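Notes for the structure review
Chain by chain, the residues:
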Amino acid sequence: MSVTELLSLADEDVGHASQVVLPRLSLTLRVGERIALLGQSGAGKSTLLATLRRRLAADAAWCPQSHGLVPQLAVYHNVYMGRLERHSALANLWNLIRPDRRAWTEIETLCGELGLAGLLRRPVARLSGGQRQRVAIARALYQRRRLFLGDEPVASVDPHQALRLLALIDARHDTSVVALHQRELALSHFDRVWGLRDGRLVLDAATDTLTLDDLDRLYPDADAASSAPADEAAHG
Ligand SMILES: Nc1ncnc2c1ncn2[C@@H]1O[C@H](COP(=O)(O)OP(=O)(O)OP(=O)(O)O)[C@@H](O)[C@H]1O
């Protein structure tokens, strides 16, 4: 593997214990790349991210699709969980009762940048969907890793906010792989697209060589919709 490669898969079966989702997958992730991972629901984006996460655990900050937040706990504690494993159990327990001052200051700054100022004490259960998403991003940023792996981390925010959040992610990571459904965002913000369809990586290309039509081909439902009028005409 070259020094600029973070990971290389060569003809590997990627999937779950009970099911191979992406058979004989080959791809390379290089340092410095910003990759948009596209494909219709069920194409295998989360499965591939889980594999990257397993292989690159020490380098990877992880922002899961389900957010993985603890609703009863405050924003501060949820973000703090990003670094739980770096402290002793006793320190973590004590922090629950009396937040560590340095961690509080750092998380307060981070949350301010993410538009969550003033919400550190609020239980996550009392946040909006977009706010919860930003807490999940804050927890991933708090992990301080070189690589960001995100499973639809900007799915529930508006397009402007999505760009701002991605810029914050970029500022703190030299490499990222982000699953998303916004094709325009994939082309405007990322420098490479991995596109999954029918159990294969059918697209692995620089975004400046791609158009929205190229991305549309990753979605069989879009094929069906665009061919519907022709079918109707044929039957009419
Ligand atoms: N834990 C699991 N065990 C076995 N199969 C799974 C598991 N998780 C997902 N799958 C299957 O793997 C395939 C790919 O699912 P995956 O969640 O990776 O898709 P996705 O592209 O992330 O979808 P979405 O956009 O809906 O999140 C699906 O057929 C799914 O049913």
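Predicted model, so just to flag it, every value in this text is computed and none were measured. (Residues numbered from 1 in each chain as written. Predicted model: local features only at pLDDT ≥ 70, side-chain atom pairs only at ≥ 80, totals over all residues. Heavy atoms only, no water.)

A look at the nonpolar core
Under the convention used in this document: As used here, the term nonpolar core means buried Ala, Val, Leu, Ile, Met, Phe, Trp, Tyr and Cys residues forming a set that is joined through side-chain atoms within 4.5 Å. Burial classification: accessible surface area is computed with a 1.4 Å probe over protein chains only, and a residue below 20% of its type maximum counts as buried, one above 50% as exposed, and the rest as partly exposed. Elements are defined by DSSP. Helices are runs of H or I of four residues or more, strands are runs of E of two residues or more, and each kind is numbered from the N terminus. As annotated, the domain borders come from an automatic or database domain assignment. Residue contacts are defined here by distance: any two heavy atoms, one from each residue, within 4.5 Å place the two residues in contact.
The biggest cluster of nonpolar side chains holds 47 residues, and the ones touching the most others in it are Leu-38, Val-75, Val-79, Ile-107, Leu-114 and Val-135. For this core, the secondary structure elements donating two or more residues are strand E3 (34-38), strand E4 (60-63), helix H2 (75-80), helix H4 (101-113), helix H5 (129-142), helix H6 (159-172), helix H7 (183-189) and strand E8 (200-206). Broken down by element, this core gets its largest block of residues, 7 residues, from H5. Residue-level mapping places this core at the junction of two domains, with at least three residues from each of domain 1 (1-59 + 149-236) and domain 2 (66-144). Aside from chain neighbours lying at most four places away, what touches Val-79 is Ile-107, Leu-110, Cys-111, Val-135, Ala-138, Arg-139 and Tyr-142. Within the second largest apolar cluster, 25 residues are counted, among which are Val-21, Ile-35, Ala-60 and Trp-62.

Some details on a nonpolar patch on the surface
Selection rule: The patches reported here contain residues having more than 30% relative accessible area and no salt bridge. Joining distances are 9 Å for like charges and 5 Å for nonpolar side chains (Val, Leu, Ile, Met, Phe, Trp, Tyr). Method for areas: the Shrake-Rupley scheme with a 1.4 Å probe, in which residue coverage is limited to the protein chains shown. For this analysis, a salt bridge means a side-chain nitrogen from Lys or Arg found within 4 Å of a carboxyl oxygen belonging to Asp or Glu.
On the surface, Leu-93, Trp-94, Leu-96 and Ile-97 cluster together into a nonpolar patch covering about 460 Å² of accessible area. Note on placement: Leu-96 falls in helix H3 (residues 89-97). Using a relative accessible area of 44% as the deciding quantity, one classes Leu-96 as partly exposed.

Remarks on the sheet that holds strand E6 (residues 175-179)
By definition, the strands of a sheet pair up through backbone hydrogen bonds, in either a parallel or an antiparallel sense. The cut-off we apply is this: Note: two strands are recorded as paired if DSSP finds a minimum of 2 bridges between them. Only C-alpha atoms enter the line fits that serve as axes; for helices the fit covers just the stretch in contact. Angles between N-to-C directions range over 0 to 180 degrees.
Read from one edge to the other, the open sheet built from 6 strands follows the order E4-E5-E6-E3-E7-E8, with strand pairing classed as mixed. The outermost strands of the open sheet, each flanked by one partner alone, are E4 and E8. Geometrically, the sheet is characterised by an average inter-axis angle of 15° between neighbouring strands, direction not taken into account. Note: E3 against E6, 4 bridges, orientation parallel. The residue of E6 that forms the bridge with Ile-35 is Val-177. Across the sheet, helix H1 (residues 45-55) touches E3, E4, strand E5 (147-151), E6 and strand E7 (192-197), and the angle it forms with E5 is around 155°. Strands E4 and E5 of the sheet are contacted by H5, whose axis makes an angle of about 170° with E4.

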